[in-house]
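Inside the fold
Here are the chains, one letter per residue:
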Amino acid sequence: MNPAGADTLRERAAETVAGVARRLAEPDAVAARPVSAFRAASLSDGAPGIALLHAELAHTDPAHRAAAHLWLRHAAARARQAAAPGRQGLYGPPAALSYALHRAADGPAHAPGGQGAARAHLARVVAETALARAEWEEQRLAGNQGCTAFPAYDVVSGQAGLGAHLLELGRPAEPALTRLLRSLTALTRPVRVDGRELPGWWVALDGASYRPVAPAEGHANLGMAHGTPGPLALLALAWRQGARVPGQRAAITRLARWLLARRRTDGAGTWWPGQLSLGPELPRPGRPSWCYGTPGIARALHLAGLALDVPEWREAGVEALRSALRRAAAGGAEPDEPGLCHGLAGLLQTTWRTSRDSGDAELAGHLPALAARLLDLADDTAPFGFAPAPGERPSEEHPGGFLTGAAGAALALHTFATGTEPATRWDRALLLA
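Cut-offs used in this document
- Residues numbered from 1 in each chain as written.
- Predicted model: local features only at pLDDT ≥ 70, side-chain atom pairs only at ≥ 80, totals over all residues.
- Heavy atoms only, no water.
- Helix = DSSP H or I, 4+ residues; strand = E, 2+ residues; numbered from the N terminus.
- Rg over C-alpha atoms; globule rule 2.2 N^0.38 Å.
- Buried < 20%, exposed > 50% of the residue type's maximum accessible area, 1.4 Å probe, protein only.
- Contact = heavy atoms within 4.5 Å.
- Phe/Tyr/Trp six-rings, centres within 6.5 Å; stacked < 30°, edge-to-face > 60°.
- Polar contact = N/O pair within 3.5 Å; in protein donor to acceptor, adjacent residues only side chain to side chain.
- Core = buried A, V, L, I, M, F, W, Y, C linked by side-chain atoms within 4.5 Å.
- Axes fitted to C-alpha atoms, helices over the stretch in contact; angles between N-to-C directions.
- Left-handed = near helix turned anticlockwise from the far one by under 90°.
- Nonpolar A, V, L, I, M, F, W, Y, C, P; charged D, E, K, R; others polar.
- Salt bridge = Lys/Arg side-chain N within 4 Å of Asp/Glu carboxyl O.
- 1 Å grid on protein atoms, 1.4 Å probe; cavity = no way out; pocket = protein on both sides within 12 Å on 5 of 7 lines; lining within 4 Å.
- Points joined across faces, edges and corners; volume = space filled by probe spheres on them.
- Parallel < 35°, antiparallel > 145°, perpendicular 65-115°, else oblique.

Naming follows an unreviewed UniProt entry, where the protein appears as Lanthionine synthetase C family protein of Streptomyces toxytricini.

Structure representation (structure tokens):
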């Protein structure tokens, strides 16, 4: 794309972001399908994720400061109405509120007053949750009590997501972070269940419905949201920040090698399935998305290569992402929805981060086309500025939210429009950076 065309595309992206932000400026004006108190307080669909959008935009436009504060107050009110505190991961209350408050505190969206006390209290709750999860895992392993579960390790509901936040909470969170890293390190060792040796992250859940099943009918998940790449990315990011425990290097190596041993190849390049079971494998790539599929895995491998300075892992991650983008463009298999989780916004942000860290020209060359296709989904007639995702959606999935809705899409477009790293590092919630 020529420079003039690129400038025009960035201007379109900035205008779309501004339009979404206007539609999401006031909580009372956001009248969409009703959501439960839990979802309204969650990072995926609720007020904390929308607060992230305004906190990020406040770094370049102070006018968004007031909206960020409105959404943070709304998030706090909804969190008080939600489920018992301390039982959820990063995406549920109260960790989601803690995450949003800390993002807003690091820039012009910061407000004095009671927020400092609130942040300290919520940080303690997050740390206590992580410690309880780590203790549960230690007891499970010590007693050989079967398979692990997603809350023990994944990004959305488990330790990888909580660890992403603990990395930024400073000295008071260090004991919890240390225990969490030890727990994830132990998770990488194989376990014996019903006489079988299985990966430590094997879950006794059906791969389609996630209903409980016998261990032999379970699976090893390969998605960034619920699988192996989440702990790998967290352990790598922690290593780069100097947060290290005995065995962590070996755990990163074990996870990276396990993933590399299970990559597949076709005419477009390398790919991974979304999950592996003991039954016959479905020989097709996962969707090109952050949550499941090659892009999230590629980013985790790249981060591991950066952390331990292993060129082979870095190049494997870059090449796998190149392959996913080529395959999607050639076969018309790109996401047809805007969101971060399984939509174009997540693919755009993952590609932007990996391109930035690797300096890879091919990845950088894909960014304008990804942004353009995301912009094609913008819809002025839609309540929050983007066409609804196709197909049947969960009844409580909010079209204005962070993970699958307009707020997340706008954040990824803002990264593209500015060409700069997010000031709030909001994509730490995706373990992209």
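Back to the text.
What follows is about the overall build of the protein. Along the protein, the regular secondary structure elements total 15 helices and six strands. Over its C-alpha atoms the protein spans a radius of gyration of 20 Å, differing by no more than 12% from the 22 Å that the globule rule assigns to 433 residues. Counting only C-alpha atoms, the protein reaches 60 × 50 × 40 Å along its principal axes. Residues counted as buried form 58% of the 433 residues belonging to the protein.

Counting through the fold element by element, arginine 103 comes out in helix 5 (residues 95–105). On the basis of relative accessible area, arginine 103 is assigned to the buried category, the value being 3%. In contact with arginine 103, not counting residues within four places along its chain, are Leu52, Glu168, Thr424, Arg425 and Trp426.

Take the packing of aromatic side chains next. Scanning the entire structure with this criterion turns up four aromatic pairs. Measuring from centroid to centroid gives 5.3 Å for phenylalanine 150 and tyrosine 210, while their planes differ by 75°, and the two rings are edge-to-face. Separated by 60 residues along the polypeptide, phenylalanine 150 in the loop between helix 6 (115–142) and helix 7 (159–166) and tyrosine 210 in the loop between strand 2 (196–198) and strand 3 (220–221) bring together distant segments of the chain. Ring centres of phenylalanine 402 and tryptophan 426 lie 6.0 Å apart, and the angle between their planes is 85°; on these two criteria the pair is classed as edge-to-face.

Before going further, it helps to examine the environment of tryptophan 201. One can find tryptophan 201 in the loop between strand 2 and strand 3. Residue tryptophan 201 is classed as buried on the basis of its relative accessible area, which comes to 3%. Taking the C-alpha atoms as reference points, tryptophan 201 and valine 155, separated by 46 residues in sequence, lie 13 Å from one another. Other than its neighbours up to four places away in sequence, tryptophan 201 contacts Thr148, Tyr153, Leu187, Thr188, Ala220, Thr228, Leu255 and Trp258. At a separation of 3.1 Å, a polar atom in the side chain of tryptophan 201 contacts the side chain of threonine 228.

Residues Tyr91, Leu166, Trp290 and Phe402 are the most contacted members of the largest nonpolar core, which totals 134 residues. It is helix 15 (residues 406–418) that provides the largest number of residues to this core, a total of nine residues. Apart from residues no more than four positions distant in its own chain, leucine 166 is found in contact with Val126, Ala127, Ala130, Ala173, Ala176, Leu177 and Leu180.

Moving on to the packing of helix 6 against helix 8 (residues 174–187). Two numbers describe how helix 6 lies on helix 8: the axes approach to 9 Å, and their chain directions differ by 35°. Read as a crossing pair, helix 6 and helix 8 show a hand that is left-handed. For the pair helix 6 and helix 8, the contacting residues are Ala127, Ala130, Leu131, Ala134, Glu135, Glu137, Glu138, Arg140 and Leu141 in the first and Pro175, Ala176, Arg179, Leu180, Ser183, Ala186 and Leu187 in the second. For the contact of helix 6 with helix 8, a count of residues per class yields ten nonpolar, one polar and five charged.

So, on to the pattern of salt bridges. A complete count under the given rule lists 18 salt bridges for this structure. Between arginine 322 and glutamate 319 there is a salt bridge, with its nearest N and O atoms 2.5 Å apart. Separated by three residues within a single helix, arginine 322 and glutamate 319 lie in helix 12 (residues 311–331), roughly one turn from each other. Arginine 322 is paired through a salt bridge with glutamate 362; the nearest N and O atoms lie 3.8 Å apart.

A few words on the layout of surface pockets. For the largest pocket, the calculated volume is near 600 Å³. Residues of the lining of the largest pocket, tallied by class, amount to ten nonpolar, nine polar and six charged. Taken together, 14 residues line the second largest pocket, and the ones lying closest to its centre are Pro273, Gly274, Gln275, Leu282 and Arg284. Considered class by class, the residues forming the lining of the second largest pocket number six nonpolar, five polar and three charged.

Attention now goes to the packing of helix 8 against helix 9 (residues 229–240). Interhelical geometry of helix 8 versus helix 9 gives an angle of 135° and a closest axis separation of 11 Å. By the angle between their directions, the pair helix 8 and helix 9 is classed as oblique. Where helix 8 crosses over helix 9, the two elements pack in a sense that is left-handed. In this structure, helix 8 contributes Leu180, Leu181, Leu184 and Thr185 to the contact, and helix 9 contributes Pro231, Leu234, Leu235 and Ala238. Per-class residue counts for the contact of helix 8 with helix 9 are seven nonpolar, one polar and no charged.

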